[in-house]
Amino acid sequence: MQQKHRIYLAGPIFGRSKSDVRSWRVEAAARLTFLGAEPLDPCRRDYTGIEHVDDNPAKIVAEDLAEIDGCSAIIAMVDAPSAGTSMEIFYAAHVRKIPVIAIVPDSIAVSPWISHHAEVIKWVADDLGMGRSLDGRAARSAAIGHACARALSAIADDVLRAKIAELERFIAEQAATIEEVRETCNFLRNDIVDEQQRRSDEVRAYSVQATDLRK
C-alpha cells in the first residue's frame, strides 16, 4: 500500500481563540483526508496557558519541527501576524525544501518573506473568480479547498522532479560507464595493434635471418 503524504497545518495559535485556531484546520483536515493525505494538526498538542511553563517552549518547537520533518508539504493560514507560523514556513521551504501553500485574506498585505517561500492563495470576500458573490466564510472555504489541492499537486510535482533527477543521474552514470568501456576498448585495441606490429617485426626479422642462413 502506498504511504499517505503527511501535510502539516501551520497557522497562528498563540493569542488566538480556540475557534479561530481550530475551525480552518478541521475543514482542511477533512478535505486532505478525502484527497488521500494525512493532515498533521499541531493543535492536538494543547499547550494553552502553559506555553512558557518550564521547558515547554523547547518541547513545542522540537515537536513542531519533528512533525514538519516527517511531512511532504505544509499548508499555512496567514490571516494574522505570527512569528511561529513564519518560522515554520521558512523552515519547511528553506531547510526542508518542501512545498508550502499559504492561505491569505486579500485584506492582508503579504510579506515578501512569505511570498518568496510559499505559494500564496488569496481569497476575496465578494469575488473569488467564480462569477458570483461569496461571503467571507465561503470565500475562505474555497481558498482552503484550493490550497489542499495545490499542496497535493505540488507534492506530485516534487516527486516527478525527483524521479527525473534520479533518471538523469542514472543516465549520467551509464554514460560514464560507457565512456570507461570505450576507453578500455581503445586501450586494448592499441595493445592488440602494438602486439601485431611486434609479431610482424619478429616474423620479418626471422625471415631476414633465414635468408642470411641460406646464403
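Residues numbered from 1 in each chain as written. Predicted model: local features only at pLDDT ≥ 70, side-chain atom pairs only at ≥ 80, totals over all residues. Heavy atoms only, no water.

Q: Any chance you could explain helix 2 (residues 56–69) here in plain terms?
A: Every α-helical turn comprises 3.6 residues, leaving residues that sit three or four positions apart pointing alike. Helix length check: helix 2, at 14 residues, gives a terminal C-alpha distance of 20 Å against a target of 20 Å (1.5 Å per residue), a fit within 8%. When helix 2 is considered as a whole, its buried residues turn out to be Asn56, Ile60, Asp64, Glu67 and Ile68. With its buried residues spanning 105° around the axis, helix 2 presents them on a single face. (Helix = DSSP H or I, 4+ residues; strand = E, 2+ residues; numbered from the N terminus. Expected span 1.5 Å × (residues − 1). Buried < 20%, exposed > 50% of the residue type's maximum accessible area, 1.4 Å probe, protein only. Arc of directions from axis to C-beta.)

Q: It is not clear to me how unusual backbone geometry should be interpreted in this structure. Could you clarify?
A: One non-glycine residue, Asp54, lies in the positive phi region at around 50°. In this structure, Asp54 sits in the loop between strand 2 (38–40) and helix 2. With relative accessibility at 73%, the residue Asp54 sits in the exposed group. Phi is positive for Lys97, which is not a glycine, with a value near 60°.

Q: Just checking my understanding: could you explain the pattern of salt bridges for this structure?
A: Side-chain pairs of opposite charge can arise where the charged atoms are in close proximity. Going through the model one piece at a time under the given rule, you end up with 13 salt bridges. Two residues, Asp41 and Arg22, come together in a salt bridge whose shortest N-O distance is 2.4 Å. Within this pair, whereas Asp41 is found in the loop between strand 2 and helix 2, its partner Arg22 is found in helix 1 (residues 18–34), the two being separated by 19 residues in sequence. A relative accessible area of 13% means that Asp41 is categorised as buried. Residue Arg22 is classed as partly exposed on the basis of its relative accessible area of 35%. One network of salt bridges, with partners in common, ties together Arg44, Arg45, Glu63, Asp64 and Glu67. (Salt bridge = Lys/Arg side-chain N within 4 Å of Asp/Glu carboxyl O.)

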